[in-house]
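# A structural walkthrough
Residues per chain are reported as follows:
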There are 2 protein chains.
Amino acid sequence: MTINDWNKVKSYLKEISYLEYTASLLDWDLKVNSPEEGGWKKEEIYSYIKTQAFNKFISDRFGELLEAVDISSLSPIEQKIYKNIKENYKIQKAIPAPLYERLQKTTAKAYPIWVQAKKENNFAIFSPLLEELVTLTKEIASNLNGKDNYESLLNLYEPELSLECIKNISEKIKDFLIPWIEIHKNNFHVKLPEITYPIESQEKFVNQLLEKINFNKKQGRVDVTIHPFTTVVGPKDVRITTKYTENEPLSAIFGVLHEAGHGLFEQNKDAELYWLISGIRYSYGVHEAQSRFWENIIGRSPYFWDYFYPILQDLFPELKSLSLKSFVKIINKIEPSLIRIEADEVTYNLHIILRLEIEEKLINSKLTVKELPEVWNNTIKKYLGVTPKNDSEGVLQDVHWSQGYFGYFPSYMLGNLYGAQILKSLKSDLPDMEQKLSKGIFSEINSWFNEKVYRWGLIETGPQLLKRITGEELNPIYWIEYIKDKFSKILY
Amino acid sequence: MTINDWNKVKSYLKEISYLEYTASLLDWDLKVNSPEEGGWKKEEIYSYIKTQAFNKFISDRFGELLEAVDISSLSPIEQKIYKNIKENYKIQKAIPAPLYERLQKTTAKAYPIWVQAKKENNFAIFSPLLEELVTLTKEIASNLNGKDNYESLLNLYEPELSLECIKNISEKIKDFLIPWIEIHKNNFHVKLPEITYPIESQEKFVNQLLEKINFNKKQGRVDVTIHPFTTVVGPKDVRITTKYTENEPLSAIFGVLHEAGHGLFEQNKDAELYWLISGIRYSYGVHEAQSRFWENIIGRSPYFWDYFYPILQDLFPELKSLSLKSFVKIINKIEPSLIRIEADEVTYNLHIILRLEIEEKLINSKLTVKELPEVWNNTIKKYLGVTPKNDSEGVLQDVHWSQGYFGYFPSYMLGNLYGAQILKSLKSDLPDMEQKLSKGIFSEINSWFNEKVYRWGLIETGPQLLKRITGEELNPIYWIEYIKDKFSKILY
């Protein structure tokens, strides 16, 4: 009975899902609810649960269950899922379990030190741990049997894309961006009124936004954290977070749109994936494409604000003297800066390229941890013309390395590119998309994404998804054209 | 190196603690944070984690680790801990793992049905599951090798106390209470002003209370739920919950004092127990004694309100026309009623005795699930003179059975008795305790409990703890005398 064999795989993955959802809840709780001293040793608990899930996944038993499945007995979708899981098994299995556990334990140790180092602007206390993490990561990468250690790591987050391809893309982006930013960056002479934007009103606006774009609060929550994120703590429980600042409402608005983009993807995946997702290898770039699509392509488009700006003005009457055109300019301001997560839509990719180049050198032993701060500062000066005052604004700014996420950053850039390329198909299927946005009607856009991306997008690689939706390979020209087109309309 | 053998036991228990803290967090989150539909399948996740913890605990491997310890190499406290864990291992090991797993799965199924049954006042939909649970519980009890199935269950929560002893006690309590209540119940003719008590002011008061009695919010939280509870989700993370109602502030105040009593115990246990507690068998009665001590013996004493009543009056100025004496009468009102969790300090024990008698018959096959509602209604009529209008007010009111907790209820009564007996020692060590309460000074009381109860109380059985603190066996006369004395002062 081959169908039973598939059911056995599913039952086994269900138990891994229990652990993974639990780990996500631990992480969410630590960031959202922890009393001042309550987080003590919680990273240890988290890393234990993650390790249990990992060990269960790479077990020989699971390998046997996978082998026993007769693929011809499965439906086409099941076959795709099966192949994805099997490939993922092969990759994860190549990581020696003791190495994985050591990585988990080291990141548990490294995270609080990174927090302290960033707070105290002290790279020296973090660097020994970073060295340990780099060494461990290299060792893991060497087990993955790719032709290049850094490519192997990249492919954990971005299956099927070669390092060469990503480097080619980033060269094209650099060639376009560096001179283009230089020309356009000085054309933004408007700014938001410097008033207090009461957090209560910001929350009101954010909640209206979420309702309109159909983020389902019956199967999700919105909470406040220092570093916004999205997580999935149960099959029907997708949680996003945001932060509010009284002196400007934009970071909360675009932060929420970003996380809601991730959230919509997770909330609208096919129910078949609820208990399989923990075995699936997916493209983080495709996931980031969803968040950056809602944050930037939709959320920073003039059309979107045709509908929402009057609502915002009602909540903050001081905005009534600021025109829609000026507001749209403000939210699209191009301004080279130091901090990635605060970067504008255009300069953002340069922040990623900086990290991509540094990570590649670090993992492929062309750069040491000691040299990092200097190389960071020199490179950001070269690409963006800005210089960090200290390492907290420079090499210490991102959490990723303290968590062992080397090779993750490029997914953010790829997300931008995927989004712009997908936009072309969306517009061709919904020619009146912009008019709909102007009226605050999102249902057709939601349906299009549900069908084309959300439902089964997690089981495809980025290239597969692009090919299916657009018929083409990944091409940065779509993003470049999108930027040129958008800013020609906004600026002039 | 025998010390290493003990360290091995500790490391092993640490992993079980990871799972147990995680399970507690899952449960807390489900009750505090769950979006409307977000709880879907969460019980399954919870029961999986609990089962993992259980299987790990009863494993042969852990048995071997325990056997390897040379007890003579341990300190006296370590020896006590070791003996406790070993005894617990023996008991839990006697429960066949498949039975435990089945119980977990059945309670995961039963809980939502119980919620529905209670809501819809429909015992019929719950009774098949209850029957399943009773059957399973009997099977588990029969594996525990006690001389009586119900005693075996009782001893899971209340080690070392015999059923006979508890039955003797409950007879004495009944003999005292039933006539005593009849005489005194009609002597409460005052009531709270029927006004709105703004929740914000209630919260303010509750927070002052918690600060004063030294509940540590840096290592804990207070949240809102329908059914208040206390849980420990990390070594330094003890969470209590409460509920507020606008039309009266007492349920929040005494609810918080109750849970804070549990919380203080957990927050002040010795740090050595952080990772050992999951292996320790403790007396739920001693735990309940802490909560009921703060709720009733301290919280409902006139002295306590010498200090707090003026603060409460400032928050609710309408209370200024109500005297302290009247207020103390109100919070101590004796009024036979249907719902245990709303019962007053005096009638409460009769609610427990009712459940004790019913549970014993149910487990020892002298009563069927079908007969339950009728027997319930007849007994509560006999003991308290009240009749449920429906099963939601009767046999369906408590969550315990849906969770498989048969034999747990008596711990509540024992908690009352332990508390009153402990009070005698406390008063003899702190003769000016009542004056301190009148001044809102809690530090000496806190210190006394820290030393005598909290620090190591979890590793002792109820009788051991009583013997150590009071030099005596459990004797209900202390509670009876406490009640007589208290009400003679309050009422006349």
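Heads up: the structure comes first, above all this text.
First things first, this report covers the structure right here in the doc. The structure displayed is predicted, hence computed values, not measured ones.

Along the backbone of chain A there are 20 helices and three strands. In summary, chain A has a C-alpha radius of gyration of 22 Å against a globular reference of 23 Å for 492 residues, a match within 12%. Oriented by its inertia axes, the alpha-carbon framework of chain A measures out at about 70 × 50 × 45 Å. Relative to its 492 residues, chain A shows a buried fraction of 60%. By sequence separation, contacts in chain A at least 24 residues apart represent 75% of the contacts at least 6 residues apart. Surface summary for chain A: the accessible area is close to 19600 Å², and the carbon and sulfur share equals 50%.

The subject of this paragraph is the relation of the copies chain A and chain B. Between the two copies of the chain lies a rotation about an axis combined with a shift along it. For the match of chain A to chain B, the screw axis carries a shift of 0.0 Å, the RMSD comes to 0.0 Å, and the turn is 180 degrees. Taken together, the rotation and translation describe the operation of a two-fold axis. Judged by C-alpha distance, Thr 22 of chain A is the residue of chain A that lies nearest the rotation axis, at 3.7 Å. Comparing contact sets, 100% of the residues at the interface of chain A also lie at the interface in chain B, consistent with an isologous, same-surface contact.

Below, the discussion takes up the nonpolar core. Counting 341 residues, the largest nonpolar core has Phe 62, Trp 305 and Trp 479 of chain A together with Phe 62, Trp 305 and Trp 479 of chain B as the members making the most contacts within it. In contact with Phe 62 of chain B, other than residues within four places in its own chain, are Val 9, Tyr 12, Leu 13, Lys 56, Phe 57, Ile 85 and Tyr 89 of chain B.

The next subject is the sheet that holds strand E1 (residues 220–224) of chain A. All names here are of chain A. Taken in spatial order, the three strands of this open sheet run E1-E3-E2, and their pairing is mixed. Of all the strands in the sheet, just E1 and strand E2 (230–234) have a single pairing partner and so form its edges. Ignoring strand direction, the axes of neighbouring strands in this sheet form an average angle of 25 degrees. Examined bridge by bridge, E1 and strand E3 (residues 237–242) share five bridges and lie parallel to one another. Within E3, the position partnered with Arg 221 by the bridge is Arg 239.

A few words on the packing of helix H9 (residues 199–212) of chain B against helix H10 (residues 250–267) of chain B. Residues and elements named next belong to chain B. Between H9 and H10, the least distance of the axes is 10 Å, while the angle of their chain directions is 30 degrees. In terms of axis orientation, H9 runs roughly parallel to H10. Here the hand of the crossing between H9 and H10 comes out right-handed. For the pair formed by H9 and H10, the contact residues are Gln 202, Phe 205, Val 206, Leu 209 and Leu 210 on the first element and Ala 252, Ile 253, Val 256, Leu 257 and Ala 260 on the second. Grouping the amino acids of the contact of H9 with H10 by side-chain chemistry returns nine nonpolar, one polar and no charged.

Okay, the interface of chain A and chain B next. Chain A puts 37 residues into the contact, and the matching count from chain B is 37 residues. For the pair chain A and chain B, the summed buried area comes to about 3200 Å², and 61% of that belongs to carbon and sulfur atoms. Taken together, the links from chain A to chain B amount to six salt bridges. In this structure, Lys 14 of chain A engages Glu 44 of chain B in a salt bridge whose closest nitrogen and oxygen atoms are separated by 3.2 Å. One can count 16 residue pairs in polar contact (both at pLDDT 80 or more) joining chain A with chain B. Elements represented by at least two residues in the side of chain A that touches chain B include exactly helix H1 (2–32), helix H2 (42–57), E1, E2 and E3 of chain A. No other element matches H1 of chain A, which puts 10 residues into the side of chain A that touches chain B. Split by residue class, the side of chain A that touches chain B holds 15 nonpolar, seven polar and 15 charged.

Residues and elements named next belong to chain B. Here three strands make up an open sheet; going across it, the order is E1-E3-E2 and the pairing mixed. The open sheet has two edge strands with one neighbour each: strand E1 (220–224) and strand E2 (230–234). Shown here is a sheet whose adjacent strand axes are inclined to one another by a mean of 25 degrees, direction ignored.

Residues and elements named next belong to chain A. Looking at where Leu 466 falls in the secondary structure, it is placed in helix H19 (residues 462–470). Overall, the relative accessible area of 0% leaves Leu 466 in the buried class. Taking the C-alpha atoms as reference points, Leu 466 and Ile 422, separated by 44 residues in sequence, lie 7.3 Å from one another.

Residues and elements named next belong to chain A. Look at Lys 41: it is not a glycine, yet its phi comes out positive at around 70 degrees. Secondary-structure assignment places Lys 41 in the loop between H1 and H2. Under the relative-accessibility criterion, Lys 41 is labelled partly exposed at 30%. The backbone phi angle of Asn 214 is positive, close to 70 degrees, even though this residue is not glycine. Positionally, Asn 214 belongs in the loop between helix H9 (199–212) and E1.

Attention shifts here to the pattern of salt bridges. Applying the stated criterion across every chain yields a total of 84 salt bridges over all chains. A salt bridge links Lys 389 of chain B to Glu 393 of chain B, with the nearest nitrogen and oxygen atoms 2.8 Å apart. Under the relative-accessibility criterion, Glu 393 of chain B is labelled buried at 19%. One continuous salt-bridge network, built from bridges that share partners, spans Asp 29 and Lys 42 of chain A together with Asp 237 and Arg 239 of chain B.

As a further point, take the packing of aromatic side chains. If you walk through the whole model with that rule in mind, you get 86 aromatic pairs over all chains. For the pair Phe 409 of chain B and Tyr 412 of chain B, a centre-to-centre distance of 6.2 Å together with 40 degrees between the ring planes defines the contact as tilted. Clustering of aromatic rings is evident, with ring pairs tying together Tyr 157, Tyr 282, Tyr 284, Tyr 348, Trp 376, Trp 401, Tyr 405, Phe 406, Tyr 408, Phe 409 and Tyr 412 of chain A. The residue whose ring lies beneath Lys 41 of chain A is Trp 40 of chain A, and the NZ or CZ to ring-centre distance is 5.3 Å.

The rules we used
Per chain, residues are indexed from 1 in the order of the written sequence. Here the convention is simple: chains get letters from A, ligands get numbers from 1, in the order in which they are written. Totals for whole chains, interfaces and linings use all residues, but because this is a predicted model, local features are given only for residues with pLDDT of at least 70 and pairs of side-chain atoms are given and counted only at 80 or more. Water and hydrogen atoms play no part in the side-chain values, which are based on all heavy atoms of the structure. Starting at the N terminus, helices and strands are each numbered in turn, a helix being any DSSP run of H or I of at least four residues and a strand any DSSP run of E of at least two. The quantity called the radius of gyration is restricted to C-alpha atoms. Its globule counterpart is 2.2 Å times the number of residues to the power 0.38. In this scheme, a residue with accessible area under 20% of its type's maximum is buried, one over 50% is exposed, and one in between is partly exposed, where area comes from a 1.4 Å probe on protein chains only. The contact definition used throughout considers only heavy atoms, calling two residues in contact when any of these lie within 4.5 Å. Using the Shrake-Rupley algorithm and a 1.4 Å probe, accessible areas are obtained, with residue cover drawn only from the displayed protein chains. Fitting of the copies onto one another was done by least squares over C-alpha atoms, counting residues only where both copies have pLDDT of at least 70. Only buried residues count toward a nonpolar core, which is a set of Ala, Val, Leu, Ile, Met, Phe, Trp, Tyr and Cys residues joined through side-chain atoms within 4.5 Å. At least two bridges found by DSSP between two strands is the condition for calling them paired. Throughout, an axis means a line fitted to C-alpha atoms (over the contacting stretch in the case of helices), and angles, computed between N-to-C directions, take values from 0 to 180 degrees. An angle counts as roughly parallel when it lies under 35 degrees, as roughly antiparallel when it exceeds 145, as roughly perpendicular when it falls between 65 and 115, and as oblique in every other case. With the far helix as reference, a near helix turned anticlockwise by less than a right angle produces a left-handed crossing, and one turned clockwise produces a right-handed crossing. Nonpolar residues are Ala, Val, Leu, Ile, Met, Phe, Trp, Tyr, Cys and Pro. Charged residues are Asp, Glu, Lys and Arg, and all others, Gly as well, are polar. Buried area: the accessible surface (1.4 Å probe) lost by two parts on joining, summed over both. By salt bridge we mean one thing: a side-chain nitrogen of Lys or Arg within 4 Å of a carboxyl oxygen of Asp or Glu. What qualifies as a polar contact is a pair of N or O atoms within 3.5 Å, subject to a donor-acceptor requirement within protein and to the restriction that residues adjacent in sequence count only when both atoms come from side chains. Aromatic rings from Phe, Tyr and Trp, with only the six-membered ring used for Trp, were paired whenever their centres fell within 6.5 Å, and each pair was classed as stacked if the ring planes differed by under 30 degrees, edge-to-face if by over 60, and tilted otherwise. Placement of a positive charge over a ring is assigned whenever Lys NZ or Arg CZ falls within 6 Å of the ring centre and within 35 degrees of the normal to the ring plane.

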